[in-house]
Number of protein chains: 2
Amino acid sequence: MDKTLQKNLTAFLETFLTEERKFLLHKVLENRTRHITVVVEDLYQTQNISAVMRSCECVGIQDVHIVEGENDFQIHKAIAMGADKWLTIKHYQKENAPMLTCIKELKAKGYSIVATLPDDNSHFLDELPLEKPVAFLFGTELSGLSKAAIDAADQTVKIPMYGFTNSFNISNSVAIIVSQCVEKLRRNSSINWQLTENEKNDLLFDWVQKSINKPELLIKRYLEELG
Amino acid sequence: MDKTLQKNLTAFLETFLTEERKFLLHKVLENRTRHITVVVEDLYQTQNISAVMRSCECVGIQDVHIVEGENDFQIHKAIAMGADKWLTIKHYQKENAPMLTCIKELKAKGYSIVATLPDDNSHFLDELPLEKPVAFLFGTELSGLSKAAIDAADQTVKIPMYGFTNSFNISNSVAIIVSQCVEKLRRNSSINWQLTENEKNDLLFDWVQKSINKPELLIKRYLEELG
């Protein structure tokens, strides 16, 4: 859609929102980032997938990449529960080497690929440089990340652990890592972590529609009046 | 049990462990803390209770306080799953004003009671002083902490949030808060966060028995040989 038309349509649709709603949309938009993104591989517990999306949404991460495996039904169930409403979810289906496709696309966009791996050779999270955009890879509940994912990663990080248990629940790992990294990002004024104006406009157009009942009717009316 | 006998028994039982096992027990012991503790109120999802215990164990927190409500069956189910094996779990049953009893006991032990509350008046987590031992209160999945708990708390903290969703999954909140605070604690050499020698000896005696098949038979034999 033509960018000017999209902006005008957004402004038109915004007139149907309360001031509070409009304020919230813009506040959240200013805090959104794609500088950090999350890739989850073959999760099989619906509540984990939902919790991962919820944590990403809470800290302001816009994109979540879902690499399907044997358990894609659970993913669709989580999505159906609306956990993804405000996020940009990208699916990679198991037919086409999903993890490698995902990593290839993210590298092409300039992301540094970081596998989360509780392993002696992994760096600790707080040593991870954030100047370059980072995509964190998280593996399935039981077996962790696939070898293909680990091999394709630029580096690996781990969360410090001091007990007998040698891993966190997957959604807890995501929560610890994204909350820590996004906070670090927000404190670092030299990193341009916010969305571009174009990205903000596209997202706002989407969110405004999601905040209105039957937006398509209003859009139709607006376009008809334009003639 | 007499402390010297306990120490000798521990040493005797340790002779049945591999060097690796012994090393792990002592390493974990040196990293255990009661300076930070976690209180969960009336959780009803087994996987959340298990995930909370797992996160506490991972970061080195020894004590978890479980305040029962309507959903104590789920708690027993989680315990049955062994999530608590290496932890000291204290139950507060719903018959006797469990949360107030728990808070009273913790205050008597010198804990500062901190309710986690995503609220305008709450301080952010990183502003929380850790010189005094801290007990974090976490509420049930849907309704959060009870008013009784919030009223009895010394202060409230929140995790920064920037999205539409205004809370994390409960086990994710616990993971974010305990991992951040315990790391801060370990970096602060002026705080004496480790267990006392007495606490270490008691815990080691317990852990050594948990690392052996039928320890009671070995203990019986040892005591008989003592005569």
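Described below are features of the structure shown in this document. Being a predicted model, the structure only gives us computed values, none of them experimental.

## Here's the deal with the packing of aromatic side chains
- For the structure on display, the rule yields 12 aromatic pairs over all chains.
- Consider the rings of Phe164(A) and Trp86(B), whose centres lie 4.0 Å apart with planes at 25°: the pair is stacked. Residue Phe164(A) is located in the loop between strand 7 (155-158) and helix 7 (170-187), and its partner Trp86(B) is located in the loop between helix 4 (72-80) and strand 3 (88-92); the two belong to separate chains. Accessibility assignment for this pair places Phe164(A) and Trp86(B) in one class, buried.
- Here Phe164(A) and Trp207(B) contribute two aromatic rings whose centre-to-centre distance is 4.9 Å and whose plane-to-plane angle is 85°, an arrangement assigned as edge-to-face. Linking Phe164(A) in the loop between strand 7 and helix 7 with Trp207(B) in helix 8 (residues 197-210), this pair reaches from one chain into another. Across this residue pair, the class does not change: Phe164(A) and Trp207(B) are buried.
- The ring of Tyr162(B) is capped by Arg186(A), whose NZ or CZ atom sits 3.5 Å from the centre of that ring.
- Across from the ring centre of Phe124(B), 4.9 Å away, lies the NZ or CZ of Lys158(B), which sits over that ring.

## Quick look at the interface of chain A and chain B
- Every contact between the two is made by 33 residues of chain A and, on the other side, 33 residues of chain B.
- Each partner contributes to the roughly 3000 Å² buried at the junction of chain A and chain B, and carbon and sulfur atoms together form 59% of this total.
- Applying the counting rule to chain A against chain B returns two salt bridges.
- Taken together, the links from chain A to chain B amount to 20 residue pairs in polar contact (both at pLDDT 80 or more).
- Going through the elements one at a time, helix 2 (19-31), helix 3 (46-59) and helix 7 of chain A are the ones with two or more residues in the side of chain A that touches chain B.
- For the side of chain A that touches chain B, a count of residues per class yields 15 nonpolar, 10 polar and eight charged.

## Here's the deal with the sheet that holds strand 3 of chain B
Residues and elements named next belong to chain B.
- Spatially, 3-2-1-6-4-7-5 is the arrangement adopted by the seven strands of the open sheet, whose pairing is parallel. The open sheet terminates on both sides in strands that have one partner only, identified here as strand 3 and strand 5 (123-124).
- When strand 5 meets strand 7 (residues 155-158), the two strands line up parallel, connected through two bridges. From the neighbouring strand, His-123 faces strand 7, where its bridge partner is Val-157.

## Brief notes about the layout of surface pockets
- By volume, the second largest pocket is sized at about 580 Å³.
- Ser179(A), Gln180(A), Glu183(A), Arg187(A) and Gln180(B) are the residues nearest the centre of the second largest pocket, which is lined by 25 residues in total.
- For the lining of the second largest pocket, the secondary-structure elements that each account for two or more residues are helix 7 of chain A together with helix 7 (170-187) of chain B.

## A closer look at the packing of helix 1 (residues 3-14) of chain A against helix 9 (residues 215-226) of chain A
All names here are of chain A.
- Contact geometry of helix 1 with helix 9 gives a least axis separation of 11 Å together with a crossing angle of 120°. Taken together, the axis directions place helix 1 and helix 9 in an arrangement best described as oblique. Judged by the sense of rotation from one axis to the other, the crossing of helix 1 with helix 9 is right-handed. Every residue of helix 9 that contacts helix 1 at Leu-5, Asn-8, Leu-9, Phe-12 and Leu-13 is listed here: Leu-218, Ile-219, Arg-221, Tyr-222, Leu-223 and Leu-226.
- In terms of residue class, the contact of helix 1 with helix 9 is built from nine nonpolar, one polar and one charged.

How each quantity is defined
- Residues numbered from 1 in each chain as written.
- Chains lettered and ligands numbered in written order.
- Predicted model: local features only at pLDDT ≥ 70, side-chain atom pairs only at ≥ 80, totals over all residues.
- Heavy atoms only, no water.
- Phe/Tyr/Trp six-rings, centres within 6.5 Å; stacked < 30°, edge-to-face > 60°.
- Helix = DSSP H or I, 4+ residues; strand = E, 2+ residues; numbered from the N terminus.
- Buried < 20%, exposed > 50% of the residue type's maximum accessible area, 1.4 Å probe, protein only.
- Lys NZ or Arg CZ within 6 Å of the ring centre and 35° of its normal.
- Contact = heavy atoms within 4.5 Å.
- Buried area = accessible area lost by both parts, 1.4 Å probe.
- Salt bridge = Lys/Arg side-chain N within 4 Å of Asp/Glu carboxyl O.
- Polar contact = N/O pair within 3.5 Å; in protein donor to acceptor, adjacent residues only side chain to side chain.
- Nonpolar A, V, L, I, M, F, W, Y, C, P; charged D, E, K, R; others polar.
- Pairing = 2+ DSSP bridges.
- 1 Å grid on protein atoms, 1.4 Å probe; cavity = no way out; pocket = protein on both sides within 12 Å on 5 of 7 lines; lining within 4 Å.
- Points joined across faces, edges and corners; volume = space filled by probe spheres on them.
- Axes fitted to C-alpha atoms, helices over the stretch in contact; angles between N-to-C directions.
- Parallel < 35°, antiparallel > 145°, perpendicular 65-115°, else oblique.
- Left-handed = near helix turned anticlockwise from the far one by under 90°.

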